Amino acid sequence: MSVALTASAKHYASKQGIAGLVETLDLGSDCAIGDLISLETAGARHDFAVIRRRWIINARGGTMLELTLDHPARSI
């Protein structure tokens, strides 16, 4: 499973100094589009929304789920 960020989510996460942490979250395949992901660091809460699920299949048949997060978290 991997995490991708929209441009606005990447900008926000970089500005907050949490980009590396957000991009390495282990969210699991049960995350659904519209889920709210709240990351708490140093007393602050950073909210992201799952806006896309994409299964990536390589030529050898291996699969990986990619979840795309957006910020600010909007209702879908």
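It should be noted that the structure appears before, not after, this text.
Residues numbered from 1 in each chain as written. Predicted model: local features only at pLDDT ≥ 70, side-chain atom pairs only at ≥ 80, totals over all residues. Heavy atoms only, no water.

### Quick look at the pairing of strand 2 (residues 36-41)
As paired strands, strand 2 and strand 3 (residues 44-57) are joined by 6 bridges and run antiparallel to one another. Among the inter-strand pairings, Leu39 is bridged to a residue of strand 3, identified as His46. Between strand 2 and strand 3, which follow one another and run antiparallel, lie 2 residues, and Ala42 among them has a positive phi close to 50°. (Pairing = 2+ DSSP bridges. Helix = DSSP H or I, 4+ residues; strand = E, 2+ residues; numbered from the N terminus.)

### Some details on the nonpolar core
One finds Val22, Leu27, Ile37, Phe48 and Leu69 to be the most contacted residues of the largest nonpolar core, which totals 18 residues. Among the elements of the structure, strand 1 (2-5), helix 1 (7-16), helix 2 (19-23), strand 2, strand 3 and strand 4 (63-70) are those that each provide at least two residues to this core. Not counting chain neighbours up to four residues away, the residues in contact with Val22 comprise Val3, Leu5, Ala13, Leu39, Phe48 and Leu69. (Core = buried A, V, L, I, M, F, W, Y, C linked by side-chain atoms within 4.5 Å. Buried < 20%, exposed > 50% of the residue type's maximum accessible area, 1.4 Å probe, protein only. Contact = heavy atoms within 4.5 Å.)

### Points about the sheet that holds strand 2
In any sheet, the strands associate via hydrogen bonds between backbone groups, in a parallel or an antiparallel arrangement. With mixed pairing, the 4 strands of this open sheet are ordered in space as 1-4-3-2. Each having just a single partner strand, strand 1 and strand 2 make up the two edges of the open sheet. The mean angle between the axes of side-by-side strands here comes to 40°, regardless of whether they run parallel or antiparallel. Taken together, the 8 bridges between strand 3 and strand 4 define a ladder with antiparallel strand orientation. Across the sheet, Arg54 pairs through a bridge with Glu66, a residue of strand 4. Sitting on the sheet, helix 1 is in contact with strand 1, strand 3 and strand 4, with an inclination near 135° to strand 3. (Axes fitted to C-alpha atoms, helices over the stretch in contact; angles between N-to-C directions.)

### Observations concerning the pattern of salt bridges
For the structure shown, the criterion picks out 3 salt bridges. For Lys10, the salt bridge is made with Glu23, and the minimal N-O distance between the two is 2.7 Å. Of this pair, Lys10 sits in helix 1 while Glu23 is found in helix 2, placing the two residues 13 residues apart along the sequence. The partner of Arg45 in a salt bridge is Asp47, with the nearest N and O atoms 3.3 Å apart. Arg45 sits in the exposed class, given a relative accessible area of 55%. (Salt bridge = Lys/Arg side-chain N within 4 Å of Asp/Glu carboxyl O.)

Structural measurements only, silent on function.
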